[in-house]
Amino acid sequence: MKTILVILLGTFTFFGCYADSKNGYTYGIPSDQLSTYLFFFVVPNLDFNQFCPPTEQIPILEPGTYSRYMAAGDTFIFDNRARFTQTAPAGETRFFTFTIQESPGQNIKLTSPACGDSSYESPSYGDSGLSGQMETVYIELRTPPFSAKRSSFFTKLKAVSVSGNISITTPTAADPENAH
């Protein structure tokens, strides 16, 4: 999708510059202003990694207990980078425990995307797969710094079916080492 966006943006800019090259405007916008905007604001936000969601565009849950309305298809992200203890070696994994109360008929999935060339998402442990349940699930995440593949560095909470209010408790820190 982002590749298509870049192609469309490039085509828009090229034909706009070509059509108005005599007066220095691209579709009524000064060409130098448009190129500066593209260079500093659009290009840095393009992530050609098709399997990782753009984290700046999805709401992030901070540690704590929340009551949220989630429609089927809604997604939240829990980012673990700030929650590891400094004693964990780089590249090591730790477990994080979440408590989720689903609405009747609703199914919430907690996964960790393996970004890069794969659409695989690591599932959480302890999820019954049933709807409308009070579930305590845990997921394994990596300690920073992260590899180029960026796998297992955040969790994605997604409402798979039915809309409704959920209650979720997100962890403030990793679980103790031998908890699972």
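Everything numeric in this text was worked out from a predicted model, so none of it was measured.

Enquirer: Can you tell me about the overall build of the chain, naming the residues and giving the values?
Expert: Looking only at helices and strands, the chain features 2 helices and 10 strands. Shown N-terminal to C-terminal, the secondary structure of the chain runs as helices and strands in the order α-β-β-α-β-β-β-β-β-β-β-β. Taking all 180 residues of the chain together, 33% fall into the buried category. Of the accessible surface of the chain, which amounts to about 10400 Å², a share of 59% is contributed by carbon and sulfur atoms.

Enquirer: How would you summarise the confidence of the model for the chain if you had to cite specific residues and measurements?
Expert: Considering every residue of the chain, the mean pLDDT works out to 76; 64% of them sit at 70 or more. No element of the chain has a lower mean pLDDT than helix H1 (residues 2–19), which averages 60, and none a higher one than strand S10 (residues 164–170), which averages 92.

Enquirer: Which residues make up the pattern of salt bridges, and what values do they have?
Expert: Counting across every chain of the model gives 2 salt bridges. For Asp-127, the salt bridge is made with Lys-109, and the minimal N-O distance between the two is 3.7 Å. Here Asp-127 is found in the loop between strand S7 (121–123) and strand S8 (134–142), whereas its partner Lys-109 is found in strand S6 (residues 107–113), with 18 residues between them in sequence. According to the relative accessible area criterion, Lys-109 is partly exposed, its value standing at 29%. Ionic pairing is found between Glu-121 and Lys-156, a salt bridge with its closest N-O pair at 2.5 Å. Here Glu-121, found in strand S7, pairs with Lys-156, found in strand S9 (residues 154–161); they are 35 residues apart in sequence, far enough to count as distant. Judged by its relative accessible area of 28%, Glu-121 is partly exposed.

Enquirer: An account of the environment of Glu-92 is needed here, citing residue identities and associated values.
Expert: Its location among the elements puts Glu-92 in the loop between strand S4 (75–79) and strand S5 (93–101). Residue classification places Glu-92 among the partly exposed positions, given a relative accessible area of 28%. Once the C-alpha coordinates of Glu-92 and Arg-142 are considered, the two residues, 50 residues apart in sequence, prove to be 5.6 Å apart.

Enquirer: Lay out the side chain of Lys-156 in plain terms, naming residues and giving numbers.
Expert: Looking at Lys-156, the relative accessible area reads 13%, which means it is buried. At a separation of 2.5 Å, a polar atom in the side chain of Lys-156 contacts the side chain of Glu-121.

Enquirer: Can you lay out the packing of aromatic side chains for me, pointing to particular residues and giving the numbers?
Expert: Two measures describe an aromatic ring pair: the distance that separates the ring centres and the angle between the ring planes. The full count for this structure, using the stated rule, is 5 aromatic pairs. Centroid distance Phe-95 to Tyr-125: 6.1 Å. Interplanar angle 65°. Geometry classified as edge-to-face. Taken together, the positions of Phe-95 in strand S5 and Tyr-125 in the loop between S7 and S8 put the pair 30 residues apart, joining distant regions of the chain. Feature note: the residues Phe-78, Phe-96 and Phe-98 constitute an aromatic cluster, connected by ring pairs.

Enquirer: An account of the pairing of S10 is requested, with residue identities and associated values reported.
Expert: Where strand S3 (residues 64–70) meets S10, 7 bridges bridge the pair, whose relative direction is antiparallel. Note that in S10 the partner of Tyr-66 across the bridge is Ile-168. As paired elements, S5 and S10 share 3 bridges and run antiparallel to each other. Each bridged residue has a counterpart across the sheet, and for Ile-100 the counterpart in S10 is Ile-168.

Enquirer: Describe the pairing of S8, with residues and values.
Expert: Residues Glu-135, Val-137, Ile-139 and Leu-141 point to one face of S8 and are all buried, whereas Met-134, Thr-136, Tyr-138, Glu-140 and Arg-142, pointing to the other face, are not buried. Looking at chain direction, S5 and S8 are connected through 9 bridges and run antiparallel. If you follow Thr-93 over to S8, its bridge partner there is Arg-142.

Conventions adopted
- Residues numbered from 1 in each chain as written.
- Predicted model: local features only at pLDDT ≥ 70, side-chain atom pairs only at ≥ 80, totals over all residues.
- Heavy atoms only, no water.
- Helix = DSSP H or I, 4+ residues; strand = E, 2+ residues; numbered from the N terminus.
- Buried < 20%, exposed > 50% of the residue type's maximum accessible area, 1.4 Å probe, protein only.
- Areas by Shrake-Rupley, 256 points an atom, 1.4 Å probe, with all protein chains shown as cover.
- pLDDT = per-residue confidence, 0-100.
- Salt bridge = Lys/Arg side-chain N within 4 Å of Asp/Glu carboxyl O.
- Polar contact = N/O pair within 3.5 Å; in protein donor to acceptor, adjacent residues only side chain to side chain.
- Phe/Tyr/Trp six-rings, centres within 6.5 Å; stacked < 30°, edge-to-face > 60°.
- Pairing = 2+ DSSP bridges.

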